[in-house]
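# Structural overview
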Amino acid sequence: MGELNLGVFDSPESVIAACDSCGYLADDELATALFLAYKLGKPLLLEGHPGVGKTEVANVLAKALDTNLIRLQCYEGLDVNSAVYEWNYQKQLLSIRIAQNGNGHTGNLEKHIFGKDFLLKRPLLQSITQEKSPVLLIDEVDRADEEFEAFLLELLSAYQISIPEMGTIEASKKPIVILTSNRTRELSDALKRRCLYIWNDFPDFEKEMNIVKKHHPHIEESLVRQVIHAIQYLREQKLTKYPGISESIDWASALLAIGTQKLDRKSIEKTLSCVLKAVDDVDKMKNGELERMLGELATVI
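What this report covers is the structure whose coordinates are included nearby. (Residues numbered from 1 in each chain as written. Predicted model: local features only at pLDDT ≥ 70, side-chain atom pairs only at ≥ 80, totals over all residues. Heavy atoms only, no water.)

## Some thoughts on the overall build of the protein chain
Where we set the bar: What counts as a helix is a DSSP run of H or I of at least four residues, what counts as a strand is a run of E of at least two, and both are numbered from the N terminus. C-alpha atoms define the radius of gyration, and 2.2 Å times the number of residues to the power 0.38 defines the globule rule. Note on definitions: a residue-residue contact is assigned when non-hydrogen atoms from the two residues lie within 4.5 Å. With residues, only the protein chains shown are counted as cover, and all accessible areas are computed by Shrake-Rupley using a 1.4 Å probe. We treat Lys and Arg as the positive residues and Asp and Glu as the negative residues; His and chain ends play no part in the count. Charge positions are represented by NZ for Lys, CZ for Arg, CG for Asp and CD for Glu.
Secondary structure assignment for the protein chain yields 14 helices and nine strands. Computed over C-alpha atoms, the radius of gyration of the protein chain comes to 24 Å, more than 25% over the 19 Å expected from 2.2 N^0.38 for 301 residues, which places it beyond the range of a compact globule. Of the contacts made within the protein chain by residues no fewer than 6 positions apart, 75% connect residues no fewer than 24 positions apart. Surface exposure of the protein chain reaches about 15300 Å², of which carbon and sulfur atoms provide 48%. Of the side chains in the protein chain, 35 bear a positive and 45 a negative charge, and the two mean positions are spaced by 3 Å.

## Quick look at helix α12 (residues 245-257)
Filter applied, for reference: Under the convention used throughout, the expected extent of a helix is 1.5 Å for every residue step, that is, one less than its residue count. A simple rule labels every residue: compare its accessible area, found with a 1.4 Å probe on the protein chains alone, to the largest value its type can have, and call it buried under 20%, exposed over 50%, or partly exposed in between.
Look at α12: 18 Å from first C-alpha to last across 13 residues, which is about the 18 Å you get at 1.5 Å a residue. The set of residues buried in α12 consists of Ile-245, Glu-247, Ser-248, Ile-249, Trp-251, Ala-252, Ala-254 and Leu-255. Where α12 is buried, its residues contact α10 (205-215), α11 (221-235) and α13 (265-271).

## Concerning the sheet that holds strand β5 (residues 135-139)
Put simply, the rule is: In short, DSSP must find at least two bridges between two strands for them to pair. Every axis in this analysis is a line fitted to C-alpha atoms, fitted for helices over the stretch in contact. Angles between the N-to-C directions lie between 0 and 180 degrees.
The strand order β2-β5-β8-β1-β9 describes an open sheet built from five strands, whose pairing is parallel. In the strand order of this sheet, the two ends are held by β2 (69-73) and β9 (196-200), each with one partner. The average angle at which neighbouring strand axes cross in this sheet is 20 degrees, direction not considered. By the bridge criterion, five bridges tie strand β1 (residues 44-48) to β9 in an arrangement that is parallel. Within the sheet, the bridge partner assigned to Gly-48 lies in β9 and is Asn-200. Contacts from helix α3 (residues 54-65) reach β1, β2, β5, β8 (176-181) and β9 within the one sheet, and its direction differs from that of β8 by about 165 degrees.

## What to know about helix α8 (residues 149-158)
Buried residues of α8: Glu-149, Leu-152, Leu-153, Leu-155 and Leu-156, and no others. Turning to α8, the residues buried within the fold contact α7 (123-127), β5, β6 (160-163), β8 and α9 (189-193). Positive phi appears at Tyr-159, one or two residues downstream of α8, with a value of about 50 degrees.

## Regarding the layout of surface pockets
Heads up, the condition is: Cavities and pockets are defined on a 1 Å grid built over the protein atoms alone: a cavity is a set of grid points where a 1.4 Å probe fits but cannot escape, while a pocket is an open set with protein on both sides within 12 Å along at least five of seven lines, and lining residues are those with an atom within 4 Å of any such point. Grid points are joined across faces, edges and corners, and a volume is the space filled by probe spheres set on the points. Each residue gets one label: Ala, Val, Leu, Ile, Met, Phe, Trp, Tyr, Cys and Pro are nonpolar, Asp, Glu, Lys and Arg are charged, and the others, such as Gly, are polar.
Taken as a whole, the largest pocket spans an internal volume of roughly 630 Å³. Every residue lining the largest pocket is counted, 33 residues in all, and those nearest its centre are Tyr-24, Val-52, Gly-53, Lys-54 and Ile-245. Elements with a minimum of two residues in the lining of the largest pocket: α2 (28-40), α3, β9, α10 and α12. A class-by-class count of the residues in the lining of the largest pocket yields 13 nonpolar, 10 polar and 10 charged.

## So, the packing of α10 against α12
The following threshold applies: Here is the rule for angles: anything less than 35 degrees is roughly parallel, anything more than 145 is roughly antiparallel, 65 through 115 is roughly perpendicular, and the remaining ranges are oblique. Here a crossing is taken to be left-handed if its near helix is turned anticlockwise relative to the far helix by less than a right angle, and right-handed if that turn runs clockwise.
Taken N-terminus to C-terminus, the directions of α10 and α12 make an angle of 50 degrees; their axes are 10 Å apart at the nearest point. Overall, the two elements α10 and α12 adopt an arrangement that is oblique. In the packing of α10 onto α12, the handedness of the crossing is right-handed. For the pair α10 and α12, contact is made by Glu-208, Ile-211, Val-212 and His-215 and by Ile-245, Ser-248, Ile-249 and Ala-252, respectively.

## A closer look at the pattern of salt bridges
Spelled out, the test is: When a carboxyl oxygen of Asp or Glu lies within 4 Å of a side-chain nitrogen of Lys or Arg, that pair is called a salt bridge.
Tallied over the entire structure, the rule returns 16 salt bridges. Residue Arg-143 is joined to Glu-140 by a salt bridge in which the shortest nitrogen-to-oxygen separation is 3.5 Å. Where Glu-247 meets Lys-277, a salt bridge forms, and the shortest distance between an N and an O atom there is 3.4 Å. Taken together, the residues Glu-247 in helix α12 and Lys-277 in the loop between α13 and α14 (279-297) connect sequence positions 30 residues apart. What makes Glu-247 buried here is its relative accessible area of 5%. When its relative accessible area of 44% is taken as the criterion, Lys-277 is described as partly exposed. When salt bridges with common partners are traced through the structure, they connect Glu-47, Arg-183, Glu-186 and Lys-192 into a single cluster.

Below, the structure is given as structure tokens:
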């Protein structure tokens, strides 16, 4: 089995520093989990609300390690042909016709057309055939069918993939595997046993302020405090879709773009589309919730 060949992280503190240099604030728990995933060669499952930065962890990790990011976006109906491999049927047919016309060898034709030259690598197979250990992101695994999880188990436990026509392909270099889930369904115990686990919750007030300031270092302290206070107020309401960290950053970007120095009714109404992404939530704000939020903001210094 291939080994990791990166040699960058030597402690959780080094993970925090590397993430910080890439513009991502990792706390001790996440940094330790990333370090152990890297050091022990175990997949890391990140579960949490949409918009808390789970996918960004893999992006930052690949950047910090200066390696490739290979992403598998999961969805209902995802199958082995899209996720693992499939054969180049057109090329196979062409090769068969050439052989039948007497211009090729037919004795080992089956072995020939099921060789590496005819194999189309999809993300999972790509991840174990790299010269340098990549970061493999299996994003929103809970969206895939339960049956698809069976395809993942061999990779997650042994870093190998079995192809009936070719046999077992072992990892030349083990990928660092990050799985994300919004918990739209419960994942199987078999998958969970193979992974380290972190629950990514919404950040507290100070951490979210620091995240926004990391992206907008010149933003006024009073404005960023109002933005985060408003975002966290909205998360306490019964909304269809709660605003995530990305919405906090986008809202700050929009307010800076229009020259706003203080949140008020006018600036909120102009930029509400940056925060709320469901019509029912927008209607709720227009039907009285905005007044209550403005009252809360009036107390923020």
